[in-house]
Amino acid sequence: MSLKAAIGEGNALVDVNDFKFNFSAPIHPSPPFDFPKEDPRTFTAKDIIAILRFHNAKFKKGKRSGESRLPTKVQPTKAKTPISKAFNKKDIRGRMIFQHWPRSPKGKDITPENSIPGKCTPNGIQLWGATLGDFYFVRRKPDLPNLITISTGSKLMNWMKANEELDYAKDEIWDAEREEEPRVIKPWSPRVKIEEIEENIRLGKVGKPIVKKDMKGKKVPPSDGANFSSSWPLVPFSYKTERLTSSIDINHLPTKLVVHDPWNLLAVGSVNEYGKAERRPREEWETKPDRTHIYKLQFSKDGVERAEREGNKQAMSMQKEALLNKVVNHPPQLGFVDAENAPEGYFIHPPPAIPGPFEPPIFVVLPPQPQLSDPVSKLNDALEEAHLYISPSHIIGVGNHSVAYEAEWELPRAAVAPPPSTGLIICKSCVASDVARIIREEDGEHGERMDPKWKVKSAEMKIVAGDLSAVSDESDADEHEDQSESISYHAEFTGPVRSVRTTIDWQDPFHPTCQHIKPRPEVPPTVKMRVVGKVSNQHDAHLAREAANYQSFEKHMSEHWSGLNALPPLHDPVPVGPLVPQFYGYYVPEQRFEVEDGRDEEDSEEDGKEDGEEDGEEDGEEDEEYDSEDGYEESEMSTTSSAQNTKFLGYLSPIMLLEDCGSIVKPEQLTHDQRNEALSLIYRFHHAGWVHGSVYARNILAQPGPISDPPSERSQRTPSFRLIDFGRSYRCDAEGSNRSIWVEDKYHEQSSTKNLFGMSMF
């Protein structure tokens, strides 16, 4: 049998001798139906040629006539819009889990009872990963491929090591062992921006100095611009201040607040001895005589406990740092016993982070530093108060319970951007040159006289973790506190250290004698930052409850941590950003404006509580009863004052200062990942044991991020979200007495938030 075929243009020639095509061979088993069987179909070469000619003629006809080979009815129309617009990028999931953890077919079942924790941030959410590559799908039961759960590399690594299942995931375990630890990401420091603004103020580019007058009322001409006193103080709101995003420990907040309120905005909707609040946004600050009020910092009971807790942690952290510096900066091989008797100096070639061995480092011994006074430091230490400026031109919003203003907060410089020390300094460039000269004189130009012991890698150093029980008792620490804070560290150093005593002297930073040091300009002792100031309507306890809740929040709720969390029922990981704004204090009038003539302070306090409890229905919303146990009490840090039993002065609102976290979120403008991140705020808030009580779009804010970058580099593509307005929030009791109501409210909020962002859990 032979077959010859030649394919020409539109022709097929086949020479066949007894050649047949039989398509009767069954490919699949016969169906279980009793259909009448047909005779097998037999195709000859002529049949094949006829089929080929038919199809070739059909396509050739379309080609010759210039028409498309496709039927007219299915002709594609030309797209009128670009592909980028037709394809909605907002629905793309960028953050998703894409890896599977391999399991041994004979491995044990992973159950909640035998689960082992992995790396975790203080928020207590178990599923944490440094990157998306640290999240995995894993089979709980190796023999059930459809029973898949979400986990992280650190959790699975610990579980596999505990259950000796190491052979099937060697690469994954290797990656998990090298995953970085969770860490706090600090907000961008405003120091650079503050110094830039101050330089522009000196040059007269921004800001408007307050006109100074002498005793006769004549204007005093400004002095030399190099001195900060010639340009300061400035007219409030005469330049754009930097937004304050850094954290200030609650025990470091100013205890005294001087509020500048020319328009009587602290009266809110009431009347006091100055009349009603004047909301005239077009008036300039200089058109009104300044009016000041003295306020004092007030803590709730939880705030007092938090201040003590943060103070203990800070003392412990400082002691840990001192232990490290004691050995790193004062090695014991120099012949002294402790850091108090050690000479001042530093390493030119610091010991490496690895244990060693390494060549002996060079330690520079500095000459004794003269003890001089530091005028700026003394001035900063003396500043125990801050100033707040509010204007109707910078109102943010008016709510049912309060009014929010964009305020200027002038506080001690050390609280935001500590100024450089005005004490004597030493030029390290000159010291390095001097040490090189001394070593050349001792060892020779090319080291021919160097002692051989300086070339031998005989030194070792390592940081060792130990118990800090002797330093501080952490028995009452919160279970979600950072465990690294309860660990002490000390350095173990062995081997020789080459000490060199320099001949370079200390210098005055304002009048240096070295060409490497640029004279420092004088800086003002205070700095103005932009914050949000909230004032309350009279007889409304909403603001007081909100301030008490802020002081009850754990510190991690306002911190930005590295990595991502996967929080059920959300399937996609989300960044571990802050949940709430930074809290900068709750201040009340030092002079009790609500006290009438002949009434004592205790009576006024009782009336104040009754007024807060009688907060009734407003705009269809009824406030919850204010729990007196979470009320305020004056701490030792608060300034004290006696009651002013004078004439009735009227109402002055308390003030709560917060971080400015941007504008109200617009869900329709967010991408899938951004909506998922904003949605996770409520789930993380619930995981912390709280219910918000007022889940609306107006209570979720967004700002360009990340806030760890300079403002010029932040983008709306990476927004930073926050929850606000916690006047109705409450947490689940430790005893669980309100748990049933709490659970019901929690699920209601989750459903409302899911509908708000148009997200589905599955």
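Everything below is about the structure printed above this text.
About the cut-offs
Residues numbered from 1 in each chain as written. Predicted model: local features only at pLDDT ≥ 70, side-chain atom pairs only at ≥ 80, totals over all residues. Heavy atoms only, no water. Pairing = 2+ DSSP bridges. Helix = DSSP H or I, 4+ residues; strand = E, 2+ residues; numbered from the N terminus. Axes fitted to C-alpha atoms, helices over the stretch in contact; angles between N-to-C directions. Contact = heavy atoms within 4.5 Å. Expected span 1.5 Å × (residues − 1). Buried < 20%, exposed > 50% of the residue type's maximum accessible area, 1.4 Å probe, protein only. Parallel < 35°, antiparallel > 145°, perpendicular 65-115°, else oblique. Left-handed = near helix turned anticlockwise from the far one by under 90°. Nonpolar A, V, L, I, M, F, W, Y, C, P; charged D, E, K, R; others polar. Polar contact = N/O pair within 3.5 Å; in protein donor to acceptor, adjacent residues only side chain to side chain. Phe/Tyr/Trp six-rings, centres within 6.5 Å; stacked < 30°, edge-to-face > 60°.

A. Representation of the sheet that holds strand S19 (residues 498–501) within the structure. Strand order in the open sheet formed by three strands is S12-S13-S19, and the pairing between neighbours is mixed. What marks the edges here is a single partner per strand, and that holds for strand S12 (345–347) and S19. Taking the axes of each pair of neighbouring strands and ignoring which way they run, one obtains an average angle of 25° across the sheet. One ladder, built from four bridges, connects strand S13 (residues 362–365) with S19; its direction is parallel.

B. Inspection of the sheet that holds strand S28 (residues 663–664) at higher detail. With antiparallel pairing, three strands are arranged side by side in an open sheet as S28-S30-S31. In this open sheet, the two edge strands, each paired with only one partner strand, are S28 and strand S31 (715–723). The strands touched by helix H12 (residues 672–687) within the sheet are strand S30 (700–705) and S31, with S31 carrying the most contacts at an inclination of about 20°.

C. Spatial organisation of helix H5 (residues 191–202). An ideal rise of 1.5 Å per residue puts 16 Å on 12 residues; H5 measures up with 17 Å between its terminal C-alpha atoms. Where H5 is concerned, the buried positions are Ile194, Ile197, Glu198, Asn200, Ile201 and Arg202. Contacts from the buried residues of H5 go to strand S8 (242–243), helix H8 (413–416) and strand S20 (526–536). Just downstream of H5 lies Gly204, where phi reads positive at about 80°.

D. Local environment of the packing of helix H3 (residues 153–162) against helix H4 (residues 170–177). Direction vectors running N to C along H3 and H4 enclose 120°, while the axes themselves pass 9 Å from each other. When the axis of H3 is compared with that of H4, the two are oblique. Crossing angle aside, the handedness with which H3 passes H4 is left-handed. For the pair H3 and H4, the contacting residues are Gly153, Ser154, Met157, Met160 and Lys161 in the first and Ile173, Ala176 and Glu177 in the second. A per-class count over the contact of H3 with H4 returns four nonpolar, two polar and two charged.

E. Representation of unusual backbone geometry. The step from Pro568 to Pro569 runs through a cis peptide bond, and the omega angle for that step is 5°. Summarising the element assignment, Pro569 is placed in the loop between strand S21 (564–565) and strand S22 (574–575). At the junction of Gly705 and Pro706, the peptide bond is cis and its omega measures out at -5° in the coordinates. By the secondary structure assignment, Pro706 is in the loop between S30 and S31. Not every positive phi belongs to a glycine, and Asn264 is a case in point at roughly 60°. Taking relative accessible area as the criterion, Asn264 reaches 0% and is therefore assigned buried. A positive phi angle, close to 60°, is found at His539, a residue other than glycine. Tracing the backbone shows His539 in the loop between S20 and helix H10 (542–552).

F. Looking closely at the side chain of Arg728. Counting through the fold element by element, Arg728 comes out in the loop between S31 and strand S32 (730–731). Taking relative accessible area as the criterion, Arg728 reaches 10% and is therefore assigned buried. One polar contact links Arg728 to His401, side chain to side chain, over a distance of 3.5 Å.

G. Up close: the packing of aromatic side chains. Counted under the stated rule, the structure contains 13 aromatic pairs. With 5.9 Å between their ring centres and 80° between their planes, Phe553 and Phe685 make a pair best called edge-to-face. Note that Phe553 is positioned in the loop between H10 and S21 and Phe685 in helix H12, a separation of 132 residues in sequence. Across this residue pair, the class does not change: Phe553 and Phe685 are buried.

Fair warning: the whole summary comes from geometry, so function is off the table for now.
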